Amino acid sequence: MSGSPNLVALYTIVRREIARILRIWTQTLIPPAITVTLYFVIFGKLIGSRIGPIAGGFSYMQYIVPGLVMMNVITNSYGNISSSFFGAKFQRSVEEMLVSPMPNWVILLGYVLGAVARGLAVGLLALLIALFFTSLHVVHPLITFLSVLLGATIFSLAGFVNAMYAKKFDDVALVPTFVLTPLTYLGGVFYSISMLGEPWQTISRINPIVYMVNAFRYGVLGVSDVHVGASFVVMLVFVASLAAFALFLLKRGIGLRS
Amino acid sequence: MSTVPALVVDNLRKTYGNGVEALKGVSLTVEQGDFFALLGPNGAGKSTLIGILSSLVNSTSGDARIFGVSVNRQRNEAMKLIGLVPQEINFNQFEKPFDICVNEAGFYGIPRKIAAERAEKYLNELRLWDKARDQARMLSGGMKRRLMIARAMMNEPKLLILDEPTAGVDIEIRRSMWQFVSGINAAGTTVILTTHYLEEAEQLCRNIAIIDHGTIVENTSMKRLLAKLDVETFVLDVTHAPEQPPALPGVTVRRIDEHTLEAEMARSHDLNSLFAALSAQGVTVTSMRNKTNRLEELFVRLVENGRLGQERAA
Ligand SMILES: Nc1ncnc2c1ncn2[C@@H]1O[C@H](COP(=O)(O)OP(=O)(O)O)[C@@H](O)[C@H]1O
Ligand SMILES: [Mg+2]
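Rules used in this analysis
Numbers given to residues run from 1 along each chain, matching the order in which its sequence is written. Whichever chain is written first is A, and whichever ligand is written first is 1; the rest continue in order. Since the coordinates come from a predicted model, pLDDT governs what is reported: local features require at least 70, and pairs of side-chain atoms require 80 or more to be given and counted, while whole-chain, interface and lining totals use all residues. Side-chain metrics rest on all non-hydrogen atoms present in the structure, leaving aside hydrogens and water. Every residue pair with non-hydrogen atoms within 4.5 Å of one another is taken to be in contact. What counts as buried area is the accessible surface, traced by a 1.4 Å probe, that two parts surrender upon association, with contributions from both included. Any carboxyl oxygen of Asp or Glu that lies within 4 Å of a side-chain nitrogen of Lys or Arg is treated as forming a salt bridge with it. N or O atoms closer than or at 3.5 Å make up a polar contact, with two conditions inside protein: a donor-capable atom paired with an acceptor-capable one, and, for residues adjacent in sequence, both atoms drawn from side chains. The secondary structure listing takes helices from DSSP runs of H or I that are at least 4 residues long and strands from runs of E that are at least 2 residues long, numbered from the N terminus. UniProt positions are given in the numbering used here, feature names are shortened, and annotations may be inferred rather than shown by experiment. By this rule, a helix spans an expected 1.5 Å times one less than how many residues it contains. To get the bend at any residue, fit one axis to the seven residues that end at it and another to the seven that begin at it, then take the angle between the two axes. Throughout this description, buried means an accessible area under 20% of the type-specific maximum (1.4 Å probe, protein chains only), exposed means over 50%, and partly exposed covers the range between. Axis angles are defined between N-to-C directions and span 0 to 180 degrees, where every axis is a line fitted to C-alpha atoms and, for a helix, only to the segment in contact. For classification, angles of less than 35 degrees are called roughly parallel, those exceeding 145 degrees roughly antiparallel, those between 65 and 115 degrees roughly perpendicular, and all remaining angles oblique. Helix crossings are classified by the rotation of the near helix relative to the far one: an anticlockwise turn of less than a right angle makes the crossing left-handed, while a clockwise turn makes it right-handed. Charged residues are taken to be Asp, Glu, Lys and Arg, nonpolar residues to be Ala, Val, Leu, Ile, Met, Phe, Trp, Tyr, Cys and Pro, and polar residues to be all remaining types, Gly included. We call an atom a donor if it is N, O or S and sits within 2.8 Å of the metal, or 3.2 Å for Na, K and Ca. Water is not counted, so some sites may look partial. Here a residue counts as near a molecule or strand whenever at least one of its heavy atoms sits within 4 Å of it. Computed with a 1.4 Å probe, the accessible areas rest on the Shrake-Rupley method; for each residue, only the protein chains presented here act as cover. Lining residues are defined by having an atom within 4 Å of a point belonging to a cavity or pocket. Those points lie on a 1 Å grid over the protein atoms alone, cavities being sets where a 1.4 Å probe fits but cannot get out and pockets being open sets with protein on both sides within 12 Å along at least five of seven lines. Grid points are joined across faces, edges and corners, and a volume is the space filled by probe spheres set on the points.

The next point concerns the interface of chain B and chain A. The interface of chain B with chain A comprises 31 residues on the first partner and 26 residues on the second. Taken as a group, Leu56, Phe107 and Arg112 of chain B account for 30% of the area that chain B buries against chain A, more than any other trio of residues on that side. Run the count over chain B and chain A and you get two salt bridges. When the shortest N-O distance is used, the salt bridge between Arg16 of chain A and Glu95 of chain B registers 3.9 Å. Here chain B and chain A share 14 residue pairs in polar contact (both at pLDDT 80 or more) between them. For the side of chain B that touches chain A, the leading source of residues is helix H3 (residues 97-107) of chain B, giving five residues.

As structure tokens, this is what we get:
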């Protein structure tokens, strides 16, 4: 690949990130496939069959597929970027990039694209596994794709910020456990937030994952707890502000340059 | 423009977050094509200075210009001109040397095809080509250092900066490294290095700055610096060393072993009287050389003086 130096640099980072994902595929691709299969078997098949139809006449299995796919996209994008970028800091190989002429936005975009690629790959894998358990017919393909893309981007950016602040491996391991997992489980993956009483329904609306899961569910099933336009606005605001924040941290060299 | 210096450091100061004042207003100039040594004891601020030049460390005040390009104001442009061999190993140990080099080139915007050719060239020249496809963590310490030199050459920099590249590397590999770097310098690349092996600096470098406690205590040519040293020690290889070495005014002769004598004298002192005295004893001198720790003595002296000066000023 030739062309502008920034494009070459971007391609270099993305290529290296994807090579990393494939090199350690037993850590990056297999575990999410196993977890999602277990979810489908236990929640979808065993428990779901006793629940009966949920919002819009879908089976519980069909209802949780979009949520589970999105959950995988989110956790894998986040996990990819935070471990890869923190790993580069830990081994100091990040300095290779920091002393190069490439601008900060190329570093950020390269890592985000790599993490989004992992998110999309795992999302696709989860969707394919879902097809063994239920039939799906995607109502709005474009909305489906865009919502996955934005969801993956948001959590890639968040994972990047986490890795910038992180000083030890615990710092990138604890956020998913204490922040990401609760937000995901309370984000309407397994239930419709309309099932909640007040004030929980309103409180749920400050959880960004609610918007991602519902935008995606709207794309796949055509039903959503929140207005799909509002979901996209919320997601775009998150992308813009997290990207701006990450670039600000890079410019200041937080956690990178002394 | 051959008149623009390769490096101008202009009153750089650095105070780290923990309050350590690592640089206290450092200024120096390195001309194009120079082979420049930056010497100083541990903690003097060498790596801090190099960190600022390579944008890994943010300066507190002051600026540096690489071939006239300001590190503060035109960072990206300035970085294109530099190749950095850092003090600490800083590549991904799970990647392969070939990929490390090609990716590094990629960060500089060098297309993959050219990058692959250069990687082969420099890994070959640094005798790493047969390790190019092994994981980097399998390399020996000396090989890792050489890999960092190969990596620094990927953008074919106009200014190559090496921060103690031979620390902990055995003598054989050190020599081959210097052969490579001397070749690069002869081909026109300006080289700046920091090292603890002072004789190395003496042999390789034309100009030198000595830094201590974040202050430049000396900045001159190697020749002039060595000329400052008024006492010289010669090592003499002799057929058989007398038990009682000759006693001469102004010369101290010591017997080291059966075939070696050492003679210490003022630089201005003549050698003829020494040879005459040895001849009179029936001693034949087969060869003679300067004792190589001259710079070390000088270095210690300068640093001591600098310290005393500071203490007096404080
Ligand atoms: N990241 C850092 N944070 C705080 N202090 C530092 C840092 N890096 C170096 N120092 C301090 O700055 C001084 C100069 O260090 P350094 O530039 O590494 O010296 P040298 O390379 O000459 O051994 C030392 O006192 C060192 O402890
Ligand atoms: Mg150092």
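Next comes the rest of the write-up.
Quick look at the UniProt feature "transmembrane region" (unreviewed entry) in chain A now. Taken from the UniProt record, the annotation "transmembrane region" (unreviewed entry) applies to residues 21-43, 63-86, 106-133, 139-161, 173-193 and 228-250 of chain A. Each end of residues 228-250 of chain A is marked by a C-alpha atom, and these two atoms are 33 Å apart; helix forms 100% of the span and strand 0%.

All names here are of chain A. Its 22 residues give helix H3 (residues 30-51) an end-to-end C-alpha distance of 29 Å, which sits within 8% of 32 Å, the value for a rise of 1.5 Å per residue. The sharpest bend along H3 measures roughly 25° and falls at Gly44. Taken together, the buried positions of H3 are Pro32, Ala33, Val36, Tyr39, Phe40, Gly44 and Gly48. Turning to H3, the residues buried within the fold contact helix H2 (25-28), helix H4 (60-90), helix H6 (104-130) and helix H8 (169-185). Among the residues trailing H3, Gly52 stands out with phi positive, at a value near 85°.

The next thing to look at is the packing of H4 of chain A against helix H7 (residues 141-165) of chain A. Residue and element names in this part refer to chain A. Where H4 meets H7, the axes come as close as 7 Å, and the angle between the chain directions of the two elements is 30°. In terms of orientation, H4 lies roughly parallel with respect to H7. The hand of the H4/H7 crossing is right-handed. Residues belonging to the contact of H4 with H7 are distributed by class as follows: 15 nonpolar, seven polar and one charged.

Note on metal geometry: ideal angles are 109.5 degrees for four donors arranged tetrahedrally and 90 or 180 degrees for six donors arranged octahedrally. Residues and elements named next belong to chain B. Taken together, Ser47 (OG) and Gln87 (OE1) make up the full set of protein donors to the magnesium ion (ligand 2), lying 2.0 to 2.2 Å away. A residue pair is termed long-range when its members are at least 10 positions apart, and Ser47 in helix H1 (residues 46-53) and Gln87 in the loop between strand E6 (82-85) and H3 qualify at 40 residues. Taking the relative accessible area as the measure of exposure, Gln87 reaches 25% and is therefore partly exposed.

The next subject is the site of ligand 1. All names here are of chain B. Every residue near ligand 1 is listed here: Tyr16, Asn18, Val20, Ala22, Pro41, Asn42, Gly43, Ala44, Gly45, Lys46, Ser47 and Thr48. Contact distances for ligand 1 include 2.7 Å between an oxygen atom and a backbone N or O atom of Gly43. Within the backbone of Ala44, a nitrogen or oxygen atom sits 3.2 Å from an oxygen atom of ligand 1. Out of a free accessible area of 560 Å², ligand 1 has 66% covered by protein chains. It is H1 that provides the largest number of residues to the shell around ligand 1, a total of three residues. The class makeup of the residues in the shell around ligand 1 is five nonpolar, six polar and one charged.

Another aspect to go through is the side chain of Ser84 of chain A. Residues and elements named next belong to chain A. Its place among the elements puts Ser84 in helix H4. Note on Ser84: relative accessible area 7%, which makes it buried. A polar contact is formed between the side chain of Ser84 and the side chain of Glu17, at a distance of 2.9 Å. Apart from residues no more than four positions distant in its own chain, Ser84 is found in contact with Glu17, Arg20 and Tyr111.

Here the focus is empty space enclosed by the protein. One pass over the structure, following the stated rule, counts three cavities of 30 Å³ or more. As a volume, the largest cavity reaches approximately 90 Å³. Along its surface, the largest cavity is lined by Glu95, Glu96 and Val99 of chain A together with Gly83, Leu84, Pro86, Asn90, Glu104, Tyr108, Arg151 and Ala152 of chain B. Among the elements of the structure, helix H5 (94-98) of chain A together with E6 and helix H5 (141-152) of chain B are those that each provide at least two residues to the lining of the largest cavity. Within the lining of the largest cavity, the residues separate by chemical class into five nonpolar, two polar and four charged. Approximately 50 Å³ is the volume found for the second largest cavity. Contributing to the lining of the second largest cavity are Leu7, Leu28, Phe36, Leu38, Leu49, Ile50, Leu53 and Ile192 of chain B. Those elements giving two or more residues to the lining of the second largest cavity turn out to be strand E3 (35-39) and H1 of chain B. The leading source of residues in the lining of the second largest cavity is H1 of chain B, at three residues.

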